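Fold and contact review
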Amino acid sequence: MNPYRTPLVAGNWKLNGSLAANAALLAEIVKGAPSFGRAQAAVCVPFPYLAQVQAALAATPIAWGAQNVSDQASGAFTGEVSCDMLREFGCRYVIVGHSERRAIYGEGDGAVAAKAKAAIAAGLCPIVCVGETLAERESGVTADVVRRQLAAVIDAVGAQGIAKSVIAYEPVWAIGTGKTATPDQAQEVHALIRTQVADADAGVARGVQVLYGGSVKAGNARDLFAQSDIDGGLIGGASLVAADFLAICAAAS
Ligand code: PGA
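Let me sum up the structure you'll find in this document. Since the model is a prediction, treat every value here as computed from it, not as a measurement.

**Some details on the state of the cysteines**
Across all of its chains, the model carries 0 disulfides by this definition. With no disulfide of its own, Cys91 lies closest to Cys44 among cysteine sulfurs, the gap being 8.0 Å. Here Cys125 is not cross-linked by a disulfide; its sulfur's nearest cysteine counterpart is in Cys44, at 9.6 Å. For Cys125, a relative accessible area of 12% translates into the label buried.

**Some points on the sheet that holds strand S1 (residues 8-12)**
The 8 strands are arranged S1-S2-S3-S4-S5-S6-S7-S8 in a closed barrel whose pairing can be described as parallel. Each neighbouring strand pair of the sheet contributes to a mean axis angle of 25°, computed without reference to strand direction. Across 2 bridges, strand S3 (residues 63-66) lies against strand S4 (residues 93-96) in parallel orientation. When the bridges of S4 are listed, Gly65 appears paired with Tyr93.

**A few points about the nonpolar core**
Ranked by internal contacts, the top residues of the largest apolar core, which has 70 residues, are Val43 and Phe225. Examining the composition of this core, we find that 7 residues originate from one element, helix H7 (residues 142-162), more than from any other. For Phe225, the contacting residues outside a window of four places in its chain are Met1, Val9, Val216, Ile230, Gly232, Gly233, Ile248, Ala251 and Ala252. Core analysis: the next-biggest nonpolar cluster, separate from the first, contains 14 residues, Leu8, Ala42, Val166 and Leu234 among them.

**Some points on the pairing of S1**
With 5 of its 5 residues buried, S1 lies for the most part within the structure. Residues of S1 alternate between two faces, with Leu8, Ala10 and Asn12 on one and Val9 and Gly11 on the opposite face, all of them buried. Of the pairings in the sheet, the one linking S1 to strand S2 (residues 40-44) comprises 5 bridges and is parallel in character. Of the residues in S2, the one forming a bridge with Val9 is Ala41. You can see the chain leave S1, run along helix H1 (residues 19-32) and come back into S2, and the turn it takes is right-handed. One ladder, built from 4 bridges, connects S1 with strand S8 (residues 232-235); its direction is parallel. If you follow Gly11 over to S8, its bridge partner there is Ile235.

Scoring rules and cut-offs
- Residues numbered from 1 in each chain as written.
- Predicted model: local features only at pLDDT ≥ 70, side-chain atom pairs only at ≥ 80, totals over all residues.
- Heavy atoms only, no water.
- Disulfide = S-S within 2.5 Å.
- Buried < 20%, exposed > 50% of the residue type's maximum accessible area, 1.4 Å probe, protein only.
- Pairing = 2+ DSSP bridges.
- Helix = DSSP H or I, 4+ residues; strand = E, 2+ residues; numbered from the N terminus.
- Axes fitted to C-alpha atoms, helices over the stretch in contact; angles between N-to-C directions.
- Core = buried A, V, L, I, M, F, W, Y, C linked by side-chain atoms within 4.5 Å.
- Contact = heavy atoms within 4.5 Å.
- Right-handed = clockwise from strand over helix to strand, strands pointing away.

Functional significance is not addressed by these values, which are geometric in nature.
So, in structure tokens, the structure goes:
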């Protein structure tokens, strides 16, 4: 954590939830919000629940967002959702380039960059995910992979676009596996990310929030967030359990 940057903890609900379960979870999060201190909290939910979270969170300090978006504004793109639609539901954030989108749905660096660009143009804050697979880490190309993924976005949106974005480092091998990067492993990549942004603009690099994601739990959040270039977390599984998510948000305070 760094005193210049506001900590952010964003829940990524993935393909989970129901109206009833969400209502209970959101009520608990709202109740716990006073313990977040200076940390900002957000939940990124499936599209059909945006109206529900907007209603439940509008009068609270908790922000919300989506998990994906189209780079297109409108037209014949069956099944897609536009940035302006997310704005209409009060979204502040949208996750782009999550490794599940990259691996399962074939989104490449160019597609991710286009989504980030569309999000920024619409006034949304993209949470741009980058991270290496286990095979990539073991073959020593972590820095190259992360640099390539981030460069595509920097090229598309420029340093001023990065200033309106959040970056999330999510090593693929740590997502949903219970294996977390050690604080040192995570810090090493976060520092590389910040250096890469600094090459484009030093001031933007000082301000941009870089989150860590990958099996963040109540028990390991504090050590991760203690690292100087880790500004919070992108939380999958633990964001579905109110007590766990609250503890992680409090750890970022
Ligand atoms: P996890 O997921 O916390 O369940 O590992 C993180 C993510 O995919 O954003």
